[in-house]
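# Close look at the chain arrangement
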Amino acid sequence: MTAVRRTAPVLVAALLLLVCAGRAGATGYRYWSFWERTDGHWTYATQGPASVRPGDGTVQGFRFTVGADAADAGRPRGTADFDTICADTPAKAGSKRVGLVLDFGTPADAPSGEAPPERRAVCARVPSDASSADALAAVAGPLRYDTNALLCAIAGYPHKGCGEQVSTDREPTAAPESDSSESSESGPSLGLPIGVGVVALLAGAAIWQSRRRRDASG
C-alpha cells in the first residue's frame, strides 16, 4: 500500500495540471446565441431563428455571449414572462405574439471599442406563419447577417464582427443582477467531472499495479 500512497497524490497533481492547462488555453466564439423558454427555464435552441415557427404566447431569447459551445453560452437575463412582456399587446386575429428577451451581454464580452446596450424585453406581433427571425426583425432592427446567414447583430449591435474566435482565458467578472433563480449564466463545465473520473481510473490502476507486484514478490 506504500506504493499506492506515493503514486496516487502524484497522479492527482499531474491530472489537475493537465485540466488547468487545457482550460487556460481555451478559445470560444463571440456570437448571438438563441434560446427558447420551456417550462420556466431557458433551453438552447436546436434550430436557427429562421427555421423556428413559434406559436402565440411563446417566449424566446437572444444573448450576445462568448463561448465554445451550447454549455458555455450565457443565458438571457431579465424578465421572461409572456404576460409581462406582452401585457400591452392584445391578441389579434391572423397574427401571433412572441415575447423576445434581448440580452446584449456584458462589457467583458463586447468587441473592442464597443459597449453593450441595456437588455430589453419586447413583444412582437407578427403574421401567424412568421419565423422567430421575422419576429426579431419586426422589433429589433437593424439586423445584420453574414454570407452564411449567421446572425451577426441585433439592433445594430455589435457594429462589426461576426462569430470571430476569441480567447476565453480571462479574469472572472462580477455576476450580473438577475431577477430569476437561474443565477448561473452558463452551462456546467465538464472539465472537473472528467478530471475526477480520470483520477479515479488512474488511482485504480495504481492499486492494481501495486497488488500485482506484491503477488509477484510473494
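Just so we're clear, the structure is a prediction, and the values are computed from it rather than from any experiment.

Before going further, it helps to spend a moment on the state of the cysteines. Covalent bonding between the sulfur atoms of two cysteines is what defines a disulfide. Following the criterion strictly, the structure yields two disulfides and no others. Each disulfide pairs two cysteine sulfurs, and for Cys86 the partner residue is Cys123, the sulfurs being separated by 2.0 Å. The chirality of the disulfide connecting Cys86 with Cys123 is right-handed, given an S-S dihedral of about 100°. Of the two residues, Cys86 is situated in the loop between α2 (82–85) and β4 (95–103) and Cys123 in strand β5 (residues 120–127); the sequence distance between them amounts to 37 residues.

Further remarks concern the pairing of β4. Most of β4 is tucked away, with eight of its nine residues classed as buried. Direction of pairing for strand β3 (residues 58–67) relative to β4: parallel, over a ladder of six bridges. By the bridge assignment, Phe62 is partnered in β4 with Leu102. In this structure, β4 lies alongside β5, joined through eight bridges in antiparallel fashion. When the sheet's bridge partners are listed, Leu100 is paired in β5 with Val122.

In the predicted model, the protein carries a mean pLDDT of 76, and the fraction of residues at 70 or more is 65%. The low-confidence segment residues 2–24, where pLDDT is below 50, has 18 contacts with residues more than four positions distant or belonging to other chains. Note on residues 171–210: pLDDT under 50 across the span, and 43 contacts to partners over four residues away in sequence or across chains.

What follows covers the packing of aromatic side chains. A complete count under the given rule lists six aromatic pairs for this structure. A ring pair is formed by Phe64 and Tyr157, whose centres lie 5.3 Å apart and whose planes are at 70°; its orientation type is edge-to-face. Residue Phe64 is located in strand β3, and its partner Tyr157 is located in the loop between β7 (151–153) and β8 (165–167); the two are separated by 93 residues in the primary sequence. The same class applies to Phe64 and to Tyr157, which are both buried. Taking the centre distance of 6.0 Å and the plane angle of 75° together, the rings of Phe104 and Tyr157 count as edge-to-face. Separated by 53 residues along the polypeptide, Phe104 in the loop between β4 and β5 and Tyr157 in the loop between β7 and β8 bring together distant segments of the chain. In this structure, Phe104 and Tyr157 share a single accessibility class: buried. Through a chain of ring-to-ring contacts, the aromatic side chains of Trp32, Phe64, Phe104 and Tyr157 assemble into a single cluster. Taking NZ or CZ as reference, Arg37 lies 5.0 Å from the ring centre of Trp42, over its face.

How each quantity is defined
- Residues numbered from 1 in each chain as written.
- Predicted model: local features only at pLDDT ≥ 70, side-chain atom pairs only at ≥ 80, totals over all residues.
- Heavy atoms only, no water.
- Disulfide = S-S within 2.5 Å.
- Helix = DSSP H or I, 4+ residues; strand = E, 2+ residues; numbered from the N terminus.
- Buried < 20%, exposed > 50% of the residue type's maximum accessible area, 1.4 Å probe, protein only.
- Pairing = 2+ DSSP bridges.
- pLDDT = per-residue confidence, 0-100.
- Contact = heavy atoms within 4.5 Å.
- Phe/Tyr/Trp six-rings, centres within 6.5 Å; stacked < 30°, edge-to-face > 60°.
- Lys NZ or Arg CZ within 6 Å of the ring centre and 35° of its normal.

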